[in-house]
Amino acid sequence: MTRPIDVAPRSEELASAAPASPAAAFGTPTGGANPWRAMIALVIGFFVIMIDTTIVSVATPALMTDLHAGVTDVVWVTSAYLLAYAVPLLITGRLGDRVGPKWMYLSGLAVFTLSSLWCGLSADIEMLIIARVFQGLGAAMMVPQTMAVITRIFPPERRGKATSLWGAVAGIAGLIGPILGGVLIDGPGWQWIFFVNLPVGVVGIVLAWKWVPSLPTHSHRFDVVGVILSAIGMFSLVFGIQEGSHLNWDYRAWLLIIGGLVVMAVFVGWQAKGAAEPLVPLSLFKDRNFSLANVAITAVGVVMVGFQLPFMLYAQTVRGLDPTGAALLTAPMAILSMIFAPIVGRLVDTKHPRYLAGFGMLASSVGLFWMAAVMRPDTPIWQILLPVSLYGLGNAFIFAPLGVSANRNLPMSQAGAGSGVFNNSRQVGAVLGSAGIAALMTSRLADLVPQLSGGISAEPAASAGHGSMPAQVLDGFSTAMGQSLLLPAVVMLAGFVSAIFLVAPKHLQRRR
């Protein structure tokens, strides 16, 4: 096994150096190392991380009952994970460049696996939220390294296929998460949605140790001021949105939200003028595709989290389905994504990304609008499965085209930074989606079913096909959940507008 090389070549040396081979030009390991084996090792950990982004949503009623928690408390189980995941991404991408992506990935997977054990052993909601923070930190250490390694070990003409595998894993894991969660919750219990990470994490560590190459490193400074500003700004914004209803939307909520926006504006200014080596190199955004792909993936992050909570509460609380039954409503999404994601992967290097990503985002948006319209207490299940299927089909066309478009033109020395920004955009979207959907659900329930001010019952009824809430509130509750889905539907439509302006890669432009 080779040791990481700590080198920091000057720009003039990089400009004049002629690589001895194409492999050397792209940082591909020598000595017969197989980049596809490294890819497989990396996506194992990435798969588990993406599963944990959505798997908790199906456990909401179980956590409310077992840990005596409210809806907002359970939402914090997801939001705390997403915040701890999103905020450090910018610096962990750079840290991977400095110490080596392999070692950063292995460290993050170890933290993630151990904190998963902590999550499963938690006896109250507060302990679970704290454990999820550490789980998010582990995820933040891992994810930028996956994209950085792909960029460095695959040449451009093969990078699309590699990134399509990454994209397929992201899409499929986000859809499989609720199904796996439902089976585990109905079986051994909610704790196993976390315990299941342990054997996968161990296997991932072993394979990454053996198969992921040690790549040359780049010297970077760390923008401590930028980290502090981004952390304060994001936390203030998310806390203000998510807790707004509990603060009666008084001056405290608006002070947090406005203060968070101001701090984030200061962060952008600091990145542009003050930081010696910024966390977010704004020069990256001079590339049109990088900018547009980041806008689009932010929308995807909002939708992946924003869709799950109202849909799962509707399925379990209104329709009276157990966790497995509720999760199986999303099965068509996972099936269609698994069928079409490999097809999209083969098309990424030969078709214009605007057609692939644009179709995916438009189909997903239409599916969500359709879903919102049919979420009623007595809607036949097949009428719910149709928009769910359309949403899943759209997801299969999103991740790979956006991932390839964002990273195709990045210089090797900025692979970690670019990967960190791209993944951070998705996670920022997820954090805002979690907070936004919680605030919107609370608002719509207060308006449409004020008689539920005492709380939502988490126990499904044993008969009548409905949850245990009184029959007179079923219509209002269903309407509130359906109206909440309009938020991710509109956000995905905005992502579609961004995707249609993507530019074709140079090798496709030359064919015209």
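Taking an unreviewed UniProt entry as the reference, the chain is identified by name as DHA2 family efflux MFS transporter permease subunit belonging to Microlunatus elymi. Under Subcellular location (unreviewed entry), UniProt gives the following word-for-word description of the chain: "Cell membrane".

Caption draft 1: Structural view of the overall build of the chain. For the chain, the helix and strand inventory stands at 23 helices and 0 strands. Long-range contacts, defined as pairs at least 24 residues apart, comprise 86% of the intrachain contacts of the chain with a sequence gap of at least 6. Put simply, the chain shows about 19500 Å² of open surface, and 68% of that area lies on carbon and sulfur atoms.

Caption draft 2: Region of the structure containing the nonpolar core. If you look at the biggest cluster of nonpolar residues, it comprises 135 residues, and the most contacted ones within it are Leu128, Val300, Phe311, Met361, Leu402 and Met481. Ranked by the residues each element gives to this core, the list is headed by helix α14 (residues 288-318), at 19 residues. Ignoring any residue separated from it by four or fewer positions in sequence, one finds Val300 in contact with Met361, Ile398, Phe399, Leu402 and Met492.

Caption draft 3: Quick peek at the environment of Ala62. Mapped onto the elements, Ala62 comes out in helix α4 (residues 60-66). For Ala62, a relative accessible area of 23% translates into the label partly exposed. The sequence separation of Ala62 and Val74 amounts to 12 residues, and the corresponding C-alpha distance is 9.9 Å.

Caption draft 4: Region of interest: helix α8 (residues 125-153). Relative to the 42 Å expected for 29 residues at 1.5 Å per residue, α8 spans 42 Å between its end C-alpha atoms, a close match to the ideal helical length. Among the 29 residues of α8, 23 are classified as buried, and the element is accordingly described as predominantly covered. Put simply, Asp124 is the residue that caps the front of α8, since its side-chain oxygen is 3.2 Å from the backbone nitrogen of Glu126.

Caption draft 5: Structural context of the confidence of the model for the chain. Taken residue by residue, the chain gives an average pLDDT of 81. The fraction at 70 or more is 84%. Under a pLDDT of 50 for its full length, residues 1-32 has, in the predicted model, 40 contacts with residues more than four places off or in other chains. Across residues 457-466 the pLDDT falls below 50, and counting only partners more than four positions away or on other chains, this stretch makes 25 contacts in the model.

Caption draft 6: Main features of a nonpolar patch on the surface. Among the surface-exposed residues, Leu362, Val366, Phe369, Leu486, Val490 and Leu493 lie close enough to one another that they form a single nonpolar patch of about 440 Å² accessible area. Counting residues per element, the ones that place at least two in the nonpolar patch are α17 (353-374) and α22 (486-499).

Caption draft 7: Quick peek at the side chain of Ser405. By the element assignment, Ser405 lies in helix α19 (residues 399-407). From its side chain, Ser405 meets the backbone oxygen of Pro401 in a polar contact 2.8 Å long. Filtering out sequence-adjacent residues up to four positions away, Ser405 remains in contact with Asp287, Asn289, Phe290, Pro353 and Leu502.

Caption draft 8: Highlighting the packing of aromatic side chains. Going through the model one piece at a time under the given rule, you end up with 13 aromatic pairs. Considering the side-chain rings of Trp249 and Trp254, the 5.7 Å spacing of their centres and the 40° angle between planes classify their relative orientation as tilted. The exposure class assigned to Trp249 is partly exposed, which follows from its relative accessible area of 33%. The exposure class of Trp254 is partly exposed, given its relative accessible area of 44%. Among the aromatic residues, those joined into a ring-pair cluster are Trp76, Phe235 and Phe239. Seen from the ring of Trp209, Lys102 lies directly overhead, with NZ or CZ sitting 5.9 Å from the centre. Geometry around Tyr81 places Arg132 over its ring, the cationic atom sitting 4.2 Å from the centre.

Caption draft 9: Local environment of α22. Taking 1.5 Å of rise per residue, the 14 residues of α22 would be expected to cover 20 Å, and the 20 Å separating its terminal C-alpha atoms lies within 8% of that figure. Listing the buried residues of α22 in full gives Pro488, Ala489, Val491, Met492, Gly495, Phe496, Ser498 and Ala499. Along α22, the residues classed as buried sweep out an arc of 170° about the axis, all on the same side.

Caption draft 10: Focus on the side chain of Ser478. The topology assignment puts Ser478 in helix α21 (residues 474-484). Under the relative-accessibility criterion, Ser478 is labelled buried at 0%. For Ser478, the side chain forms a polar contact with the main-chain oxygen of Leu474, separated by 2.9 Å.

Caption draft 11: Representation of the packing of α21 against α22. Viewed as axis vectors pointing N to C, α21 and α22 meet at an angle of 15°, and their least axial separation amounts to 4 Å. If you check the angle between α21 and α22, you find them roughly parallel. The residues of α22 that touch α21, namely those facing Gly482, Gln483 and Ser484, are Leu486, Leu487 and Pro488. A per-class count over the contact of α21 with α22 returns 3 nonpolar, 3 polar and no charged.

Caption draft 12: Local environment of empty space enclosed by the protein. As enumerated under the stated definition, the model contains 4 cavities of 30 Å³ or more in all. One number sums up the size of the largest cavity: a volume of about 130 Å³. Taken together, 13 residues form the lining of the largest cavity, with Ser57, Thr78, Val305, Leu309 and Ser434 sitting closest to its centre. At the level of secondary structure, the elements contributing two or more residues to the lining of the largest cavity comprise α3 (35-54), α5 (71-86), α14 and α20 (415-448). Of the residues assigned to the lining of the largest cavity, the class counts are 6 nonpolar, 7 polar and no charged.

The rules behind these values
Residues numbered from 1 in each chain as written. Predicted model: local features only at pLDDT ≥ 70, side-chain atom pairs only at ≥ 80, totals over all residues. Heavy atoms only, no water. UniProt positions renumbered as here; feature names shortened; annotations may be inferred. Helix = DSSP H or I, 4+ residues; strand = E, 2+ residues; numbered from the N terminus. Contact = heavy atoms within 4.5 Å. Areas by Shrake-Rupley, 256 points an atom, 1.4 Å probe, with all protein chains shown as cover. Core = buried A, V, L, I, M, F, W, Y, C linked by side-chain atoms within 4.5 Å. Buried < 20%, exposed > 50% of the residue type's maximum accessible area, 1.4 Å probe, protein only. Expected span 1.5 Å × (residues − 1). Polar contact = N/O pair within 3.5 Å; in protein donor to acceptor, adjacent residues only side chain to side chain. pLDDT = per-residue confidence, 0-100. Patch = residues over 30% accessible without salt bridge, like charges linked within 9 Å, V, L, I, M, F, W, Y side chains within 5 Å. Salt bridge = Lys/Arg side-chain N within 4 Å of Asp/Glu carboxyl O. Phe/Tyr/Trp six-rings, centres within 6.5 Å; stacked < 30°, edge-to-face > 60°. Lys NZ or Arg CZ within 6 Å of the ring centre and 35° of its normal. Arc of directions from axis to C-beta. Axes fitted to C-alpha atoms, helices over the stretch in contact; angles between N-to-C directions. Parallel < 35°, antiparallel > 145°, perpendicular 65-115°, else oblique. Nonpolar A, V, L, I, M, F, W, Y, C, P; charged D, E, K, R; others polar. 1 Å grid on protein atoms, 1.4 Å probe; cavity = no way out; pocket = protein on both sides within 12 Å on 5 of 7 lines; lining within 4 Å. Points joined across faces, edges and corners; volume = space filled by probe spheres on them.

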